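# Coordinates in review
Each chain is listed here by its residues.
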Amino acid sequence: DGKSSATATLVASDLPEMMEIEPNNDVKIASQVTLPCAVNGILGDSADQDCYQFAAVKGQAIAFRAVSRSLGSPALLFMRLLDADGGQLAETAVNTEEEFTLAHTFAADGIYHLMVYDLLRRGGPEYAYRVEMASNVGFALSLKNDKATAIKFTTTLTSGAFALDVQCARSGF
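Scoring rules and cut-offs
- Residues numbered from 1 in each chain as written.
- Predicted model: local features only at pLDDT ≥ 70, side-chain atom pairs only at ≥ 80, totals over all residues.
- Heavy atoms only, no water.
- Helix = DSSP H or I, 4+ residues; strand = E, 2+ residues; numbered from the N terminus.
- Buried < 20%, exposed > 50% of the residue type's maximum accessible area, 1.4 Å probe, protein only.
- Contact = heavy atoms within 4.5 Å.
- Pairing = 2+ DSSP bridges.
- Axes fitted to C-alpha atoms, helices over the stretch in contact; angles between N-to-C directions.
- Salt bridge = Lys/Arg side-chain N within 4 Å of Asp/Glu carboxyl O.
- Core = buried A, V, L, I, M, F, W, Y, C linked by side-chain atoms within 4.5 Å.
- Phe/Tyr/Trp six-rings, centres within 6.5 Å; stacked < 30°, edge-to-face > 60°.
- Lys NZ or Arg CZ within 6 Å of the ring centre and 35° of its normal.

Helices and strands together make up the secondary structure of the protein, namely one helix and 12 strands. Reading the protein from its N end, one meets helices and strands in the order β-β-β-β-β-β-β-β-β-β-β-α-β. Within the span of the protein, comprising 173 residues, buried residues form 34% of the whole. A fraction of 68% describes how many contacts in the protein between residues 6 or more apart in sequence connect residues 24 or more apart.

As a further point, take the sheet that holds strand E10 (residues 128-135). With mixed pairing, the five strands of this open sheet are ordered in space as E1-E3-E10-E5-E8. The sheet is open, and its two edges are formed by strand E1 (17-19) and strand E8 (101-105), each paired on a single side. Strand-to-strand twist of the sheet, defined as the mean angle between neighbouring strand axes without regard to direction, takes the value 20°. The pairing of strand E5 (residues 61-67) with E10 spans six bridges and is antiparallel. What sits directly across from Ala66, in E10, is Val131.

So, about the sheet that holds strand E4 (residues 50-56). Strand order in this open sheet of five strands is E2-E4-E9-E6-E7, and the pairing throughout is mixed. Each end of this open sheet is capped by a strand with a single partner; those strands are strand E2 (31-32) and strand E7 (88-91). Note that E4 and strand E9 (residues 110-118) share seven bridges and pair antiparallel. Within E9, the residue paired with Gln53 across the bridge is His113.

All right, on to the pattern of salt bridges then. Counted according to the given criterion, the structure contains six salt bridges. Linking Arg130 and Glu132 is a salt bridge whose minimum nitrogen-to-oxygen distance equals 3.1 Å. Judged by its relative accessible area of 3%, Arg130 falls in the buried class. Taken together, the salt bridges that share partners define one network made up of Glu17, Arg65, Arg130 and Glu132.

Turning our eyes to something else, we now look at the nonpolar core. Ranked by size, the top nonpolar core spans 27 residues in total, and within it Phe54, Phe64, Met79, Leu114, Val131 and Met133 carry the most contacts. In this structure Met79 touches Phe64, Ala66, Glu91, Thr92, Phe100, Thr101, Leu102, Leu114, Met115, Val116 and Val131, once residues within four positions along its chain are discounted. Ala30, Leu82, Met115 and Tyr117 belong to the second largest nonpolar core, which has seven residues in total.

Bringing the packing of aromatic side chains into the picture now. Two aromatic rings, taken as a pair, are described by how far apart their centres are and by the angle between their planes. Counted under the stated rule, the structure contains five aromatic pairs. Here the aromatic rings of Phe106 and Tyr112 are separated by 4.6 Å at their centres, their planes lie at 50°, and the arrangement is tilted. Tyr112 shares its class with Phe106; the two are buried. Following the ring pairs from residue to residue traces out a cluster consisting of Phe54, Phe64, Phe106 and Tyr112. Sitting above the plane of the Tyr117 ring, Arg121 keeps its charged end 3.7 Å from the centroid.

Now the structure itself:
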């Protein structure tokens, strides 16, 4: 009857947004971006990998943060950082997280590449991803997951107070 409804996941960011430009499967035909930015793409098939080219300066600390699973995509994004000639500088440390972060401090001025693909080499129209490329200087707060917390910070029911063990992770300091 001309009526429809659907849900959509949106990401809000203060980073400039960039889209992959196909073909970009190789350092020779990489999509060019300017840091800081967020790149968005789709891994169209199991052989698809996307490459982004950018300039960095000596001492610049950048975090490459994959965003896929939290947006409903099945992609498990693996990232490799390459020099101008395609030589590998760093790669994602595979761990139990569903979205990986690759942090790197550049040793020299130059042109670099970020290669991304699905860790399990899958692809299709639903394999969308986002990589936020921004300064790695800052901090993050998290709550400590400790089974002894309930005993350690006991408060009475009528006090109206509670306590949390907050941890601060600093980078670039």
